[in-house]
Amino acid sequence: MSLATSEANETLASLLTRRARSTSDGGLALAAATGLLAIVAIFLWRPRGWVAFLCLATCIAAFGVFGIADRESVSPLDTESPTAPRTWRVIRSGAMVTGVFAGLGFFLACLTVVLGTWIS
């Protein structure tokens with residue numbers, strides 16, 4: 001019963017952190033690279049509903065960058081630099097904010113497609 005209570009009170013940051021830490025390094029790199037390549041391809045191609053696809057690709061890339069930055073902020077490669085963990089935390093926070101706004105944009109783009117144009 002306490003497990004359900006702790007999951008109900010879980011924040012977005014802790015959910016993303018737990019999920020990113022359970023994903024392999026290759027999976028995070030693949031998510032970041034795939035998302036970034038998809039963003040470029042969508043900008044060049046601009047298919048129907050491209051805004052929704054762009055937001056979804058941004059969410060995927062942001063998750064990959066968030067996971068990589070989370071791991072590096074915990075155990076940075078360069079231990080002599082005192083600012084390295086702080087820099088990775090800033091990158092992690094930026095990726096989380098970018099992902100949240102991209103997720104909101106994806107939701108709104110899908111809502112626009114579903115609702116269509118209404119004449120009041």
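Summary of the structure given here.

### Section: helix α5 (residues 84-115)
Link 1 in the chain: In a regular helix each residue adds 1.5 Å, so 32 residues correspond to 46 Å; α5 covers 46 Å between its end C-alpha atoms and thus fits that length.
Link 2 in the chain: When we look at burial in α5, the residues that qualify are A84, A95, G99, A102, G105 and A109.
Link 3 in the chain: In this fold, the buried residues of α5 make contact with α4 (50-74).
Link 4 in the chain: G116 sits one or two positions beyond α5 and adopts a positive phi of about 70°.

### Considering the pattern of salt bridges
Link 1 in the chain: Tallying each qualifying case throughout the model produces four salt bridges.
Link 2 in the chain: The residue R21 makes a salt bridge to D70 at a minimum N-O spacing of 2.8 Å. Of this pair, R21 sits in helix α2 (residues 12-22) while D70 is found in helix α4, placing the two residues 49 residues apart along the sequence.
Link 3 in the chain: The partner of R92 in a salt bridge is D70, with the nearest N and O atoms 3.0 Å apart. With R92 in helix α5 and D70 in helix α4, the pair connects residues that are 22 residues apart, well separated along the chain.
Link 4 in the chain: Judged by its relative accessible area of 1%, D70 is buried.
Link 5 in the chain: Connected via shared salt-bridge partners are R21, D70 and R92.

What counts, and where the lines are drawn
Residues numbered from 1 in each chain as written. Predicted model: local features only at pLDDT ≥ 70, side-chain atom pairs only at ≥ 80, totals over all residues. Heavy atoms only, no water. Helix = DSSP H or I, 4+ residues; strand = E, 2+ residues; numbered from the N terminus. Expected span 1.5 Å × (residues − 1). Buried < 20%, exposed > 50% of the residue type's maximum accessible area, 1.4 Å probe, protein only. Contact = heavy atoms within 4.5 Å. Salt bridge = Lys/Arg side-chain N within 4 Å of Asp/Glu carboxyl O.

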